[in-house]
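Residue-level structural notes
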Amino acid sequence: ETVQASPQASSKRTKETPPSTETLKKSPRQDPDATPETHPSDWKVESLDARFEEATKSVYDEVLVEAVTELGGDSNYVELAKLKAHAKVRTYFRRAFFRPPWEDDTFAMFFQSRPSEWDFDEASRGVRMLSDVMKQIAQVVNNKRRTAPFPEALYTQVLKAGTLQDTIQVVSSAVAAEVAALPIDSIEALLESLGKPLQPDNPATAAALAVAHVNAQVKVLAAVPGALAKKGAGLGQILDFYRQVITFGGEQQVDPNVAAQKINTLKVLCTDTAAFIREKGVGTVGAKGLMLLCQTAPFHVSTLAIACLGDKGDGDDVKACASLLGKVPAHVLEGLAQETLLQLAVASTKSGAVAEATLGMVAKACAATLPAWSTDDVAKLLLALSKAKGAAESAEVKEVYGRAAEALAPKLAEMSATQLIKVALVLGKVPSLKEFLEMLAADAANRAATMPSPQLLLLTQGLLPLGSSNASVGKVLEAWVASAGEGKLSLTADQLAKLAQLVAPAAPGHEGFWKMLGGRLGAEQKALTDAGWASIEAAFGADAASPPAFEEKDSLLAAAKSRKQPKEDEKRRDGGKKRSRSRDDRKRSRSREERRNGGGGGGGGGG
């Protein structure tokens, strides 16, 4: 509570009904954030796991930059009330989100979660842009902390101090910068000794000693961040000192100056922790080690830590830590940086505990601001949410899908082939968005002839839910035929088999396509692996509902069967050997039992 700013009371917000896909289709607009073609390696959700991959700058970033600049925020703090009243901000929120500008605490989250661009002052509730000069000054301060000379004389005095009173006098009279340059283990020892209640033995000097004690406490607390920076401490050590500062002084009521310095030190540690996580992640620090930070740090810091829990498993500690995201009011979460929201979505693909605790909240926050996201980030978000554990049953994820269709409908012509494919692979599985998929298919089919074969394979997969009667699907299948005829088809044998498995149930009657693909499969069958042969059987075997007809089909199935026969015979032989060994084992067991009972046979004799 001492570190975290209390959100202001939320006023009732109004929302207008967002436009339908049909409305957006009739009113196209240019996308200023269109991104260039991405590499096919980016199609998998694993590519999003790069630590806090930078999201493309959103439209409202640009609007706020213009508004803050016009209000003098390139050099002075601009009050949030003035920013919210700016005509450009009000107009943008009304047109993009169908609502008034955010509340103050949501704007605070927005600026605080983007520290490389904005400087937010909690006391004045004001914001200014970070200039290059300000960034250079901050870098100089950080370098000075790391390279401060070792204070040998002070270090020696601290070591020689025999009593608490001696230690108080040494630290109280020391230069603050020299205290911060002490070794980190010395700072830790000072925190422990100076955090104890003062028990003076001389009433005559008690008042003066109490003043010196407070002064020493303030200095050692202020020295913690500098000592950690000089040490080059890892996240685990930073969090350990975060705990020590919180518990400094115990349960007793500390001096107001000490309390104020505790808060200032904790704020600096939170800033340093957030910077560390953005750069390096949480490493080996587990959910239990992050718990105190997530319980007490400002929301823009705790969300960073929670976003890193995806690799920490599904234990109770992970679930408890992830559930702390619920402390963030839903409307405040909307202001969180997009790269952090993306990272939270990716974490839900790896950990069921994280997904259970956070997926609904994250999806809801994304849906609220999706119109401001770049096309590329929307595609990344959809791909991550589609892989998240429990996403299929999430009403919030379904809302994101619908909002994404609304946001992307007027941008289809500007989207890259890779973006179209990502979106098709996700939204193609949503029956209620068939109309949007048809719009996307019409645009994508016009590019099919120029797509590389691996891309065209993924596009085919994404569009096949529309069925063979859809004109765009037919156009894509014709693109395969044309590609083969021009010598441009470049798929491995297993990829060809996968293509057959995808298309067979959806379009078994396309003669030209199957004539082309059947011929290629027949020519490439020697290169098929076990996975490829499995695709062949799935596409054309006895379990296929209505397999296509083409000249090479019977020979392919016969080859698949003959290939399986030796393996089945070997399994039967292995099974017979196991049964034989089992019978032999039983015989040996009976023989041992008979010997233990005095020998079998007839020699036992009479009684």
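Residues numbered from 1 in each chain as written. Predicted model: local features only at pLDDT ≥ 70, side-chain atom pairs only at ≥ 80, totals over all residues. Heavy atoms only, no water.

The next subject is the overall build of the protein chain. Across its full length, the protein chain carries 29 helices and 3 strands. The proportion of buried residues among the 607 residues of the protein chain is 47%. Residue pairs in contact within the protein chain that sit at least 24 positions apart in sequence constitute 75% of those at least 6 positions apart. Accessible surface, the protein chain: about 29,400 Å² in total, of which carbon and sulfur atoms supply 52%. (Helix = DSSP H or I, 4+ residues; strand = E, 2+ residues; numbered from the N terminus. Buried < 20%, exposed > 50% of the residue type's maximum accessible area, 1.4 Å probe, protein only. Contact = heavy atoms within 4.5 Å. Areas by Shrake-Rupley, 256 points an atom, 1.4 Å probe, with all protein chains shown as cover.)

Going through the model one piece at a time under the given rule, you end up with 16 salt bridges. Between Arg128 and Asp119 there is a salt bridge, and its shortest N-O distance comes to 2.8 Å. With a closest N to O distance of 3.6 Å, Arg145 and Asp272 form a salt bridge. Here Asp272 lies in helix H13 (residues 256-280) and Arg145 lies in helix H6 (residues 132-146), a separation of 127 residues in the sequence. Judged by its relative accessible area of 22%, Arg145 falls in the partly exposed class. Among the residues examined, Asp272 registers a relative accessible area of 23% and is labelled partly exposed. Three or more residues joined by partner-sharing salt bridges are found here, namely Glu66, Glu70 and Lys88. (Salt bridge = Lys/Arg side-chain N within 4 Å of Asp/Glu carboxyl O.)

Further remarks concern unusual backbone geometry. With a phi angle near 60°, Phe98 is a residue other than glycine that sits in the positive phi range. In the Ramachandran plot, Arg125 falls in the positive-phi region, its phi being about 55° despite a non-glycine side chain. Structurally, Arg125 can be placed in the loop between strand S2 (118-121) and strand S3 (126-129). Using a relative accessible area of 15% as the deciding quantity, one classes Arg125 as buried.

Further remarks concern the packing of helix H22 (residues 417-427) against helix H23 (residues 434-445). Relative to each other, H22 and H23 sit at 150°, their axes nearing to 11 Å. Our classification of the angle between H22 and H23 gives roughly antiparallel. The handedness of the crossing between H22 and H23 is left-handed. Between H22 and H23, the residues in contact are Leu420, Val423, Ala424 and Leu427 and Phe436, Leu437, Leu440, Asp443 and Ala444, respectively. Residues of the contact of H22 with H23, tallied by class, amount to 8 nonpolar, no polar and 1 charged. (Axes fitted to C-alpha atoms, helices over the stretch in contact; angles between N-to-C directions. Parallel < 35°, antiparallel > 145°, perpendicular 65-115°, else oblique. Left-handed = near helix turned anticlockwise from the far one by under 90°. Nonpolar A, V, L, I, M, F, W, Y, C, P; charged D, E, K, R; others polar.)

Next up on the list: the pairing of S2. By the bridge criterion, 4 bridges tie S2 to S3 in an arrangement that is antiparallel. Its bridge partner being in S3, Asp119 is matched across the sheet by Arg128. (Pairing = 2+ DSSP bridges.)

Here we take up the environment of Val89. Inspection of the secondary structure assignment puts Val89 in helix H4 (residues 87-97). Setting aside chain neighbours within four positions, we find Val89 in contact with Val63, Leu64, Ala67, Leu83, Pro101 and Phe107.

This part is about helix H15 (residues 299-306). Along H15, 8 of the 8 residues are buried, which leaves the element largely enclosed by surrounding structure. Of the positions making up H15, those classed as buried are Phe299, His300, Val301, Ser302, Thr303, Leu304, Ala305 and Ile306.

With that settled, consider the side chain of Ser172. Along the chain, the position of Ser172 falls in helix H8 (residues 164-172). Within the structure, Ser172 has its side chain in polar contact with the side chain of Asn215 (distance 3.1 Å). Among residues more than four places away in sequence, those in contact with Ser172 are Ala212, Asn215, Ala216 and Lys219. (Polar contact = N/O pair within 3.5 Å; in protein donor to acceptor, adjacent residues only side chain to side chain.)

This next bit is on the side chain of Asp376. Note that Asp376 resides in helix H20 (residues 375-387). For Asp376, a relative accessible area of 7% puts it in the buried group. At 3.5 Å, the side chain of Asp376 and the side chain of Gln419 are in polar contact.

Time to look at the sheet that holds strand S1 (residues 78-79). Taken in spatial order, the 3 strands make up an open sheet running S1-S3-S2, and their pairing is antiparallel. If you trace the sheet from one side to the other, it starts and ends with S1 and S2, each paired once. The strands that helix H5 (residues 104-112) touches are S2 and S3; relative to S2, the one it contacts most, it runs at about 140°.

There is a patch of nonpolar side chains on the surface, built from Val133, Ile137 and Val141 and spanning about 270 Å² of accessible area. By the secondary structure assignment, Val141 is in helix H6. (Patch = residues over 30% accessible without salt bridge, like charges linked within 9 Å, V, L, I, M, F, W, Y side chains within 5 Å.)

Ile187, Leu290, Leu382, Leu427 and Trp480 are the most contacted members of the largest nonpolar core, which totals 157 residues. Here this core takes 10 residues from helix H11 (residues 206-231), the largest share from any one element. Contact partners of Leu427, with chain neighbours within four places excluded, come to Leu382, Tyr401, Ala405, Leu433 and Phe436. The next biggest cluster of nonpolar side chains, apart from the first, holds 23 residues, and it includes Leu83, Phe110, Trp118 and Phe120. (Core = buried A, V, L, I, M, F, W, Y, C linked by side-chain atoms within 4.5 Å.)

Summarising the sheet, S1 and S3 pair through 2 bridges and their orientation is antiparallel. If you follow Glu79 over to S3, its bridge partner there is Gly126. In textbook terms, the turn of a hairpin is the stretch between consecutive antiparallel strands, and for S2 and S3 this stretch comprises 4 residues, one of which, Arg125, has a positive phi near 55°.

What follows concerns the confidence of the model for the protein chain. Detailed reading of predicted coordinates is not advised where the pLDDT is low. Averaged over every residue, the pLDDT of the protein chain is 86; the share at 70 or more is 83%. The low-confidence segment residues 1-56, where pLDDT is below 50, has 126 contacts with residues more than four positions distant or belonging to other chains. Here residues 600-607 is modelled with pLDDT under 50, and outside its nearest four sequence neighbours on either side it reaches 1 contact, counting other chains as well. (pLDDT = per-residue confidence, 0-100.)

Attention now goes to the packing of aromatic side chains. With the rule as written, the count across this model stands at 16 aromatic pairs. Both rings, one in Phe111 and one in Phe120, keep their centres 6.5 Å apart while their planes meet at 15°; by these two values the pair is stacked. For the pair Phe111 and Phe120, one class covers both residues: buried. Consider the rings of Phe540 and Phe550, whose centres lie 5.0 Å apart with planes at 70°: the pair is edge-to-face. Of the two residues, Phe540 sits in helix H28 (residues 530-540) while Phe550 sits in the loop between H28 and helix H29 (553-596), which places them 10 residues apart along the sequence. For Phe540, a relative accessible area of 3% translates into the label buried. Among the aromatic residues, ring-to-ring pairing joins Tyr92, Phe93, Phe97, Trp102, Phe107, Phe110, Phe111, Trp118 and Phe120 into one connected group. Geometry around Phe110 places Arg114 over its ring, the cationic atom sitting 3.7 Å from the centre. (Phe/Tyr/Trp six-rings, centres within 6.5 Å; stacked < 30°, edge-to-face > 60°. Lys NZ or Arg CZ within 6 Å of the ring centre and 35° of its normal.)

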